[in-house]
Protein chains: 2
Amino acid sequence: MRIFSAAFILLCCLLGFAPSLQAQVDQLMPVPASMEIQAGRFQLQPSFTVSLRGADSPRLLPALQRALWRLDRRTGLRRGKSVQVSESAKTSWVVKTQESAKLELGEDESYSLQITPGQINLEAQTDLGALHGVETLLQLLSADSTGWYFPCVTIKDQPRFPWRGLLIDVCRHFMPMEVIKRNLDGMALVKMNVLHLHLSEDQGFRVESKKFPELTRLGSNGDYFTQDQIREIIEYANLRGIRVVPEFDIPGHATSWLVSHPELASAPGPYQIEKGFGVFDPTFDPSKEETYTFFQTFFTEMAALFPDAYLHIGGDENNGKQWDGNPKIQTFKKKNGLKDNHELQRYFNERIQKILTQNGKRMVGWDEILVEGISKDIVIQSWRGKEALAQAAKNGYQVMLSNGWYIDLCQPASYHYLNDPLPADLGLSEAEQKNVLGGEATMWAELVTPENVDTRIWPRTAAIAERLWSPAAVTSVNDMYRRLEGVSLRLEETGLTHLKNREMMLRRITNGQEIYPLASLLNYVEPLKIYQRHAQGIPYSTDLSLTRLPDVAIPDPKAVRDFNDLVDLYFTNPTPLGVKILTRELGNMERIHTQLTWQARQAPALLEILPMSEKLQNLARKGMEALNFIDHKTKPEAAWKQEALNTLAEAKKPVAESELAVILSIEKLIYRTLGP
Amino acid sequence: MRIFSAAFILLCCLLGFAPSLQAQVDQLMPVPASMEIQAGRFQLQPSFTVSLRGADSPRLLPALQRALWRLDRRTGLRRGKSVQVSESAKTSWVVKTQESAKLELGEDESYSLQITPGQINLEAQTDLGALHGVETLLQLLSADSTGWYFPCVTIKDQPRFPWRGLLIDVCRHFMPMEVIKRNLDGMALVKMNVLHLHLSEDQGFRVESKKFPELTRLGSNGDYFTQDQIREIIEYANLRGIRVVPEFDIPGHATSWLVSHPELASAPGPYQIEKGFGVFDPTFDPSKEETYTFFQTFFTEMAALFPDAYLHIGGDENNGKQWDGNPKIQTFKKKNGLKDNHELQRYFNERIQKILTQNGKRMVGWDEILVEGISKDIVIQSWRGKEALAQAAKNGYQVMLSNGWYIDLCQPASYHYLNDPLPADLGLSEAEQKNVLGGEATMWAELVTPENVDTRIWPRTAAIAERLWSPAAVTSVNDMYRRLEGVSLRLEETGLTHLKNREMMLRRITNGQEIYPLASLLNYVEPLKIYQRHAQGIPYSTDLSLTRLPDVAIPDPKAVRDFNDLVDLYFTNPTPLGVKILTRELGNMERIHTQLTWQARQAPALLEILPMSEKLQNLARKGMEALNFIDHKTKPEAAWKQEALNTLAEAKKPVAESELAVILSIEKLIYRTLGP
């Protein structure tokens, strides 16, 4: 969606940072644990062949076939797609593994990849490691005027953390099969290995139960996964080396269950599927035996459906109101010497944990499940933060991090990237550090639909994947952003829609007119971050479409970073060319409003956006004036200063639940004129 | 994908043909049978409500809910999405039907739609008619600076033909569920009512048989529809008023069956799934009783799976080689007095027809099944042409047309549009005309994948849909093209990828560089038409990727039609503005080659495309020179004329299985300078 201005393309050439001119060695994401670059290259020819040695693997053969197709679609080299299974075949690329892994936490995922001018060797203990090596090789594909090639390298690689996950909330807005599948392909490309499916919520119950079909019949509005579809997802994930961990959120966030089972609620029903968003009261009644009889049957069924050893019970944000309001529950607490709702929830969790243990599952939950005295073999997923996480690890609990990785909040990739689950200053012993399994990016679905969900997950989640895979020392934000652009295009090739659906959404907003002006505006606009969007007056619910400016705008757009670089370049070295380029860029920003105003006559959906393009117009004008003062080494009048400051203040106010992202650099220009 | 040059946008404004400035009344596609436009408009407000009266319909309630979502996503008006079912509710939009139709050929599909400033009334005998009325209303949504509105109209509408189909070949390249579903939504939008699934071919057998699981296990490479998925497709289609007619192509085109059942072939096996394309020998043995025992079981199973009254047995392109080469079959022919292979195939078809009749199905087949004396209740689908079709109709056979609607051949929409199944000069009686049921666009899949298949089907198939629905008198090609652009954007809103996947494919070809130059080139390029592409040296097979220039280029690109209009405008009225605009447009064409040459250094996939951009560069230069001669009323030298003619000749030669589509108008300019 990035639209280059002629000036910008020109500048790229002048400054020589045209994308991917050099080999892809320094484009890898995640960065491998160790890499030696050698001279020379392996030139990719139509005669390219692949053979597989060692262990039989149900995963590797289809993965190599997919890899050949992916190479072929990119290069158009038009080869056959067959992979030889042979211990001796002389092929350009040999893949060798010792064993086909069980798909379990902590399996060996290491691999080594050696590329010489005549030969590519990929070796791994397990097929899981080999799958990662295949993705590394595909990312290494390079091109220049001689054609396609792989640079010669020796890579020895393994992950820093064994749990590298993505949570997808399929409840607030349902995400159908194709969304899950294309995101599994995206995860595999950046070496993530856990898909955490958030399957029950106040707004919907999303998986078929044969024991309790009423859960989806009454609790899902018809949008849910059948058990066949769940098996299809698990198999699809397994072939890509990805575990599937299901979450059934209890005892709170439970409205959709209670629509069909009001008798298990802590307050009398009836209940209706929740359409709004937030924390709601409906909660299971922990004092009733029927509750545990129900979960005994339910979790026994789900434990069989989901093969992974871990099962997530949520446990977050139970506001306790229904418990406090129910005399029976109060009596129950006294009778059992449970002094508060935390202890009551611990009682509930322990009963649930017994059921899971009987079914061979380890229980995972959010911070709240960690209360005094609860068994050590639960796993804590921390949305609260690293202190809580460190404390739990010290106390011998396995933990993983999600705090700082809430990708639904539209924060910049840099913020997520620098969020380390195991910073040096955490003061954990070697042994305690082992308790930190890794973490998960969380795609909560209040404000996304299948149409734009990929734009919230990708490419930023690739930065999180790198944090979880690469050595702790890999922390350069600029380098991450540089590589993120290339990975984003590779991700699109797996079928992800984070780039192409935005263009479709722009065509709809402009009502079929040329999208260039709006696309240009979006180069400088972000959706409101954190939870600000809910405070702008629109009461969001599952009844609303998400097709407006903040739904198509993305966090930290590249154009803004590029413009910031230009301004910094100019400040460090104020050349006439710098002035010329900055003036052109500012001119492009300035012109957008006029174009959109004209288009809005035929596109009412643009009307609410015009105040934003107008702010940008005013800001850009002030920027050009400031640049002019700086360039001519003159000082502005007091009146101009006041105007400029007002313009800045205006520019900072949100419009249509979005905000200008380009303010910082223009502010720099303006303040430069005010300086001593 | 259409990229406007600044000059072109300017021109649009000057000439006032900016898209859809006026109400959408004249944007409807297909054009309704009768429409009266009244003054005034129904202004769309957030308070907009809908109620449903009359017959209970399993189709209409979900369709109206979808319609409200579609309105809402386009307008962002953020309303609730509930539809009232009430005989009396005072709502802005009232929908009334008499009956919920069976989904059968010839059901009443008529509807009447009245829009007044205060009220929208949609009435129909059946819910099928009402579904069409809903699509008409959605196409009528208009916008200007006052906001969103529906123009006041009275429409009485019904189809000209009862069989308005799209064939999708899911065999040569498999097309998964999401491709079928989004195309069903596209069909509904333009009022088509038959999805013809071509399910068996030499290259693959694509539907699960529980009786003969080996058909897909050995004959499909794993790509096929389970019976659950088929049921899902049928239900999805049924909810949109679309019948699903399955085709199992026999006795020829049979390789994939014979992989698992060589014993039923006319020549000894073993057989392997065919990877190439064309007409192949493998054919069922009509002289063996086992053949009919097999089909008795098979068609009994499929007749139960597919509820439609019609079942297609193909029957085309049996080359007879295996029959001639098999002595037993020769003896069988003599013994049964079958004097040639046509009679033998008739014998085979009659045996098959008995089986289908027992199962309550009417047999459909291609021209070849129509031989002397075969029963009248078969239906002929004509790929050969209108004479064959007329003859069959005269002889009392029901027929439908596909000749002229082979959308895989990349011919212009105008060609398909003017192809009338029932031209006045066919000389059929009233009664005989009734035998012409309509026709089908055919999406054969030799050269398409799920990635670009939508670009071959849409928007051109909307022109065919109009031919099958609208009165015969609706024949203006220019008006069709004008409306096609708007419909294309509406089609994209249903999830079709004909626009957005092209952009993705361009990003891949340019290896992540700015796609503007290549997109500009594609404004003037078409894939080779008819079967020429197979004659360019690449032996196509299912092993090849389809990601190159001819796979992303589309038939009759709009930019070419726009440029032709500009040249014609200039010839009728040679103004300085005309010269200025034409010079700019030619200048844009001229510049592309330089940009692509630079990009090709990082994108080997561009290398084979450069000769095309170079031809365009030379052609554009000659065009500019010609324009200059014309403008200055001077005559070129003989040498220039020769050069110009050579450039034209060069420009007409294909490059990378594609050709320049913009030659005609530049040729006009050049010839104008040569004229007397």
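Residues numbered from 1 in each chain as written. Chains lettered and ligands numbered in written order. Predicted model: local features only at pLDDT ≥ 70, side-chain atom pairs only at ≥ 80, totals over all residues. Heavy atoms only, no water.

## A closer look at empty space enclosed by the protein
All names here are of chain B.
- Counted according to the given criterion, the structure contains nine cavities of 30 Å³ or more.
- Of the pockets and cavities examined, the largest cavity occupies roughly 150 Å³.
- Taken together, 14 residues line the largest cavity, and the ones lying closest to its centre are Asp408, Leu409, Leu447, Ile530 and His534.
- Viewed by domain, the lining of the largest cavity spans two of them, domain 2 (163–499) and domain 3 (501–674), each represented by three or more residues.
- Reported here for the second largest cavity is a volume of approximately 90 Å³. (1 Å grid on protein atoms, 1.4 Å probe; cavity = no way out; pocket = protein on both sides within 12 Å on 5 of 7 lines; lining within 4 Å. Points joined across faces, edges and corners; volume = space filled by probe spheres on them. Domains from an automatic or database assignment.)

## Some words on the packing of aromatic side chains
- Counted by the stated rule, this structure contains 64 aromatic pairs over all chains.
- For the ring pair Trp257 of chain B and Phe298 of chain B, a centre distance of 5.1 Å and an interplane angle of 65° mean the geometry is edge-to-face. Taken as a pair, Trp257 of chain B in helix H7 (residues 255–260) and Phe298 of chain B in helix H8 (residues 289–305) lie far apart in primary sequence, 41 residues in all. Taken individually, Trp257 of chain B and Phe298 of chain B each receive the classification buried, so the pair is uniform in this respect.
- Directly above the ring of Tyr236 of chain A sits Arg240 of chain A, whose terminal nitrogen or CZ lies 3.5 Å from the centroid. (Phe/Tyr/Trp six-rings, centres within 6.5 Å; stacked < 30°, edge-to-face > 60°. Helix = DSSP H or I, 4+ residues; strand = E, 2+ residues; numbered from the N terminus. Buried < 20%, exposed > 50% of the residue type's maximum accessible area, 1.4 Å probe, protein only. Lys NZ or Arg CZ within 6 Å of the ring centre and 35° of its normal.)

## Considerations on the packing of helix H6 (residues 227–239) of chain B against H8 of chain B
Residues and elements named next belong to chain B.
- At a minimum axis distance of 11 Å, the contact between H6 and H8 shows a crossing angle of 40°. As summarised for this structure, H6 and H8 are arranged oblique, according to the angle between their axes. Residues Gln227, Ile230, Arg231 and Ile234 of H6 lie in contact with H8, whose contacting residues are Glu301, Met302 and Leu305.
- Class assignment of the residues belonging to the contact of H6 with H8 gives a composition of four nonpolar, one polar and two charged. (Axes fitted to C-alpha atoms, helices over the stretch in contact; angles between N-to-C directions. Parallel < 35°, antiparallel > 145°, perpendicular 65-115°, else oblique. Contact = heavy atoms within 4.5 Å. Nonpolar A, V, L, I, M, F, W, Y, C, P; charged D, E, K, R; others polar.)

## Regarding the state of the cysteines
- In this structure the tally under the stated criterion is zero disulfides over all chains.
- Summary of cysteine pairing: Cys171 of chain B is not part of a disulfide, and the nearest cysteine sulfur, belonging to Cys410 of chain B, is at 20 Å. (Disulfide = S-S within 2.5 Å.)

## What about the packing of helix H10 (residues 327–335) of chain B against helix H11 (residues 341–358) of chain B?
All names here are of chain B.
- Across the interface, H10 lies against H11 with an axial gap of 11 Å and an inter-helix angle of 85°. Viewed along their axes, H10 and H11 adopt a mutual orientation that is roughly perpendicular. Residues Ile329, Phe332 and Lys333 of H10 form the contact with H11, whose participating residues are Asn341, Leu344 and Tyr347.
- Of the residues that constitute the contact of H10 with H11, the class distribution is four nonpolar, one polar and one charged.

## Digging into the domain arrangement of chain A
- As far as domains go, chain A holds domain 1 (34–157), domain 2 (163–499) and domain 3 (501–674).
- A separation of 44 Å is found between the C-alpha centroids of domain 1 of chain A and domain 3 of chain A.

## Here's the deal with helix H4 (residues 177–189) of chain B
All names here are of chain B.
- Over its 13 residues, H4 runs 19 Å from end to end, which matches the ideal 18 Å to within 8%, given 1.5 Å per residue.
- A large share of H4 lies buried, amounting to 11 of its 13 residues.
- The set of residues buried in H4 consists of Met177, Val179, Ile180, Arg182, Asn183, Leu184, Asp185, Gly186, Met187, Ala188 and Leu189. (Expected span 1.5 Å × (residues − 1).)

## Here's the deal with the pattern of salt bridges
- All told, the structure shown has 89 salt bridges over all chains when counted by the stated rule.
- Here Glu109 of chain B and Arg164 of chain B are joined by a salt bridge, their closest N and O atoms 2.8 Å apart. Residue Glu109 of chain B is located in the loop between strand S4 (93–99) and strand S5 (111–116), and its partner Arg164 of chain B is located in strand S9 (residues 163–169); the two are separated by 55 residues in the primary sequence.
- The class for Arg164 of chain B is buried, based on a relative accessible area of 0%.
- Between Glu590 of chain B and Arg621 of chain B there is a salt bridge, with the nearest N and O atoms lying 2.6 Å from each other. Placement of Glu590 of chain B in helix H22 (residues 576–600) and of Arg621 of chain B in helix H23 (residues 610–631) is noted, with a sequence separation of 31 residues between them.
- Each of Asp26, Glu466, Asp479, Arg482 and Arg483 of chain A takes part in salt bridges that share partners, so that together they form one network. (Salt bridge = Lys/Arg side-chain N within 4 Å of Asp/Glu carboxyl O.)

## A short note on unusual backbone geometry
- Residue Pro251 of chain B is reached from Ile250 of chain B by a cis peptide bond, and omega for that bond is 0°.
- By secondary structure assignment, the location of Pro251 of chain B is in the loop between strand S13 (243–247) and H7.
- Of note in the backbone geometry, Lys191 of chain A takes a positive phi value of approximately 65° without being a glycine.
- Within the element layout of this structure, Lys191 of chain A appears in the loop between helix H4 (177–189) and strand S10 (194–201).
- With phi around 50°, Glu317 of chain A is a residue other than glycine that occupies positive phi space.
- One can find Glu317 of chain A in the loop between strand S13 (310–312) and helix H9 (321–324).
- The class for Glu317 of chain A is partly exposed, based on a relative accessible area of 30%.

## Digging into the nonpolar core
- Phe248, Trp257, Phe295, Phe298, Phe299 and Ile352 of chain B are the most contacted members of the largest nonpolar core, which has 103 residues in total.
- In this view, Phe299 of chain B contacts Phe248, Ile250, Leu311, Ile313, Ile352, Ile355, Leu356 and Asn359 of chain B; residues no more than four positions away in its chain are not counted.
- Counting 101 residues, the second largest nonpolar core, distinct from the first, contains Leu184, Tyr271, Leu311 and Ile457 of chain A. (Core = buried A, V, L, I, M, F, W, Y, C linked by side-chain atoms within 4.5 Å.)

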